[in-house]
Amino acid sequence: MAGKRYKQQGAGTFFGDYLYERTVPDGHFLRQLEGLVDWDMFAEKLVRLYRGQAEVGRPPYKPSVILKMLLLAYLYDLSERRTEAFVNDSLSAKYFLGLAVDEAAPDHSTLTAFKRRIVRRGGESLLEELLVEVVQAARRQGVVFGSIQVVDSTHTLADVNVSKDDRRQKKEGKPPRDSGARWGAKRKRRQGKGGKSSEQTEYFYGYKMHNSLNAEAEMITSIVVTGGNAHDGKQFPELVRKDRALELPVNIYSADRGYDDGENHYLLETLDLQSAIHLNRYRTEKKDRNKEVWVALKASPGYRAGQKERYKIERKYGEAKENHGLRRCRYLGRMRYAIQAYLTAIVLNLKRMVKVLRGVGFSGEPVRVA
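If you're wondering where the values come from, they're calculated on a predicted model, not measured in any experiment.

Undergrad: Explain the overall build of the protein here, please?
TA: Within the protein one finds 15 helices and 6 strands. The proportion of buried residues among the 370 residues of the protein is 51%. Excluding contacts between residues fewer than 6 apart, the proportion of contacts in the protein whose partners are at least 24 apart in sequence is 68%. Here the protein has roughly 18,400 Å² of accessible surface; of this, 46% comes from carbon and sulfur atoms.

Undergrad: Explain a positive patch on the surface to me, please; I cannot follow it from the model alone.
TA: On the surface, Arg-116, Arg-120, Arg-121 and Arg-336 cluster together into a patch of positive charge. For the positive patch, the element with the most residues is helix 7 (residues 108–141), which contributes 3 residues. Checked against the element boundaries, Arg-336 lands in helix 15 (residues 334–358).

Undergrad: Looking at this structure, I do not really get helix 4 (residues 63–75). What am I missing?
TA: Each full turn of the α-helix corresponds to 3.6 residues, which orients residues three or four apart in the same direction. Look at helix 4: 18 Å from first C-alpha to last across 13 residues, which is about the 18 Å you get at 1.5 Å a residue. The element helix 4 is largely enclosed, with a buried count of 13 among its 13 residues. Phi turns positive, to about 55°, at Asp-77, one or two residues after helix 4.

Undergrad: How should the pattern of salt bridges be read in this particular structure?
TA: Oppositely charged side chains may form a pair once their charged atoms are brought near each other. Enumeration over the complete set of coordinates arrives at 20 salt bridges. Here Lys-312 makes a salt bridge to Glu-309, at a shortest N to O gap of 2.9 Å. The pair formed by Lys-312 and Glu-309 is uniform in burial state, with each residue classed as buried. Salt-bridge contacts for Lys-351 lead to Glu-319; the nearest nitrogen and oxygen are separated by 2.6 Å. Note that Lys-351 is positioned in helix 15 and Glu-319 in helix 14 (residues 311–324), a separation of 32 residues in sequence.

Undergrad: Explanation requested: empty space enclosed by the protein in the structure shown.
TA: In this approach the atoms are scanned with a rolling probe the size of a water molecule, which exposes any empty space left behind. Summed over all chains, the structure comprises 1 cavity of 30 Å³ or more. Estimates place the volume of the largest cavity at around 60 Å³. Taken together, Phe-29, Leu-30, Leu-33, Leu-71, Leu-72, Leu-75, Phe-96, Val-347, Leu-350 and Lys-351 form the lining of the largest cavity. Only helix 2 (29–36), helix 4 and helix 15 provide two or more residues apiece to the lining of the largest cavity.

Undergrad: Teacher, can you tell me more about the environment of Val-295 here?
TA: Mapped onto the elements, Val-295 comes out in helix 12 (residues 291–299). Each C-alpha atom of the pair Val-295 and Thr-284 lies 5.5 Å from the other, and the pair is 11 residues apart in sequence.

Undergrad: Quick question: what am I supposed to make of the packing of aromatic side chains here?
TA: This model, assessed by the stated rule, comprises 10 aromatic pairs. Where Tyr-20 meets Tyr-95, the ring centres are 5.6 Å apart and the plane angle is 70°; that geometry is what we call edge-to-face. Separated by 75 residues along the polypeptide, Tyr-20 in helix 1 (residues 18–23) and Tyr-95 in helix 6 (residues 91–97) bring together distant segments of the chain. Overall, Tyr-20 belongs to the buried group, its relative accessible area being 5%. Residue Tyr-95 is classed as partly exposed on the basis of its relative accessible area of 22%. Between Tyr-207 and Tyr-337, the ring centres sit 5.1 Å apart and the planes meet at 15°, which makes this aromatic pair stacked. Separated by 130 residues along the polypeptide, Tyr-207 in strand 3 (residues 196–214) and Tyr-337 in helix 15 bring together distant segments of the chain. Summarising the burial analysis for this pair, Tyr-207 and Tyr-337 share the class buried. Among the aromatic side chains, those forming a connected cluster through ring pairs are Phe-29, Tyr-76, Phe-86 and Phe-362. Lys-68 extends its terminal NZ or CZ atom over the ring of Phe-96, reaching a point 4.9 Å from the ring centre.

Undergrad: Explain the layout of surface pockets here, please?
TA: Here the largest pocket is characterised by a volume of approximately 560 Å³. Around the largest pocket, the lining is made up of 18 residues, and of these Ala-185, Lys-186, Arg-187, Asp-232 and Asp-256 lie nearest the centre. Put simply, the parts of the chain that give the lining of the largest pocket at least two residues each are strand 1 (148–157), strand 2 (182–193), strand 3 and helix 14. The element that contributes the greatest number of residues to the lining of the largest pocket is helix 14, accounting for 5 residues. Class assignment for the residues of the lining of the largest pocket results in 3 nonpolar, 4 polar and 11 charged.

Undergrad: Could you clarify how one ought to interpret the packing of helix 3 (residues 39–46) against helix 7 in this entry?
TA: In a packed pair of helices, the relevant descriptors are the angle between the two axes and the axis-to-axis distance. Where helix 3 meets helix 7, the closest approach of the two axes is 9 Å, and the angle between their N-to-C directions is 150°. Taken as a pair, helix 3 and helix 7 cross one another with a handedness that is right-handed. Within the contact between the two elements, helix 3 uses Met-41, Phe-42, Lys-45 and Leu-46 and helix 7 uses Phe-114, Leu-126, Glu-129, Leu-130, Glu-133, Val-134 and Arg-140. The class makeup of the residues in the contact of helix 3 with helix 7 is 7 nonpolar, no polar and 4 charged.

Undergrad: Mind showing me how you'd approach unusual backbone geometry here?
TA: Trans is the prevailing form of peptide bonds, just as negative phi is the prevailing case for residues other than glycine. Located in the positive-phi region is Glu-247, a residue other than glycine, with phi close to 55°. Note on placement: Glu-247 falls in the loop between helix 9 (232–245) and strand 5 (252–255). You can call Glu-247 exposed: its relative accessible area is 64%.

What counts as what
Residues numbered from 1 in each chain as written. Predicted model: local features only at pLDDT ≥ 70, side-chain atom pairs only at ≥ 80, totals over all residues. Heavy atoms only, no water. Helix = DSSP H or I, 4+ residues; strand = E, 2+ residues; numbered from the N terminus. Buried < 20%, exposed > 50% of the residue type's maximum accessible area, 1.4 Å probe, protein only. Contact = heavy atoms within 4.5 Å. Areas by Shrake-Rupley, 256 points an atom, 1.4 Å probe, with all protein chains shown as cover. Patch = residues over 30% accessible without salt bridge, like charges linked within 9 Å, V, L, I, M, F, W, Y side chains within 5 Å. Salt bridge = Lys/Arg side-chain N within 4 Å of Asp/Glu carboxyl O. Lys, Arg positive; Asp, Glu negative; His and termini not counted. Charge placed at Lys NZ, Arg CZ, Asp CG, Glu CD. Expected span 1.5 Å × (residues − 1). 1 Å grid on protein atoms, 1.4 Å probe; cavity = no way out; pocket = protein on both sides within 12 Å on 5 of 7 lines; lining within 4 Å. Points joined across faces, edges and corners; volume = space filled by probe spheres on them. Phe/Tyr/Trp six-rings, centres within 6.5 Å; stacked < 30°, edge-to-face > 60°. Lys NZ or Arg CZ within 6 Å of the ring centre and 35° of its normal. Nonpolar A, V, L, I, M, F, W, Y, C, P; charged D, E, K, R; others polar. Axes fitted to C-alpha atoms, helices over the stretch in contact; angles between N-to-C directions. Left-handed = near helix turned anticlockwise from the far one by under 90°.

Here it is, written out as structure tokens:
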């Protein structure tokens, strides 16, 4: 990157690369990840976040290094402060970041400032570029993307004590702690007592991450971030639009009943794509001739094939929540939640790339950081 000046890293150490060669084996996940991705490509996109564009003023850390450090935070589900401590204690993490063995990690406040730059100067368009670049890198290197896309959403709880926040608003007239979070329906459960049963709706306060996942590659290709009250089906057209910009070899879209909207079926028809959106019972059980088109759709091979792949996106959400902290928001505000959503998806995609292309899985070994 001509004209760019970054803080020098990994040079002048007494130990050289000897310790890395001895302690970070070829099969280590982070060694494989470091060699699999062209990280300079991310530096070119992220440098525009810096006011001096790394050409004037004090040389900053290479932005791809800060991105990699944030990815470590999501990979191991660590706070930024604990990530700094982890990198300083871990030779594999220092190798991944390109630090010398005896070189200190970037300060956790550097990560905070980097996120602030994304919010103020980059926005979701930048996060979208990063996700797209990972998907395209996977395709260039040989990850096979198939014909079926699966669309679904998952919720993330706001980092708010709801009861306390409600009291503050009512008694003290203060604004909500997280102004972007909204109440939304999580799921419906049938409960029975005394021989009677009723359907109860469970609610949550927070945000939604709407995703499209390629079933064969098992990689997230597009994201829409909303408050918790957003209707899933209304986000479907935007996810399809983003997928089509990637020119994926897709001809079937699968989703659950929440996406069974006439406009979504019509959209897919106009794009010459097959709908495998799970049909509500009223479509095929009504007593008129209009149901025949829905009966035929439900019986089609494409519909059945698409429905069989839906579990993959649910499994991906389970992985994100159990291992990478998506169950609860790390930050306040919709834009900061977007950072969490996109970086979590990128971590999931990078894990999948290393697994498919190098045969190396991420062990998720416990990280002991005081």
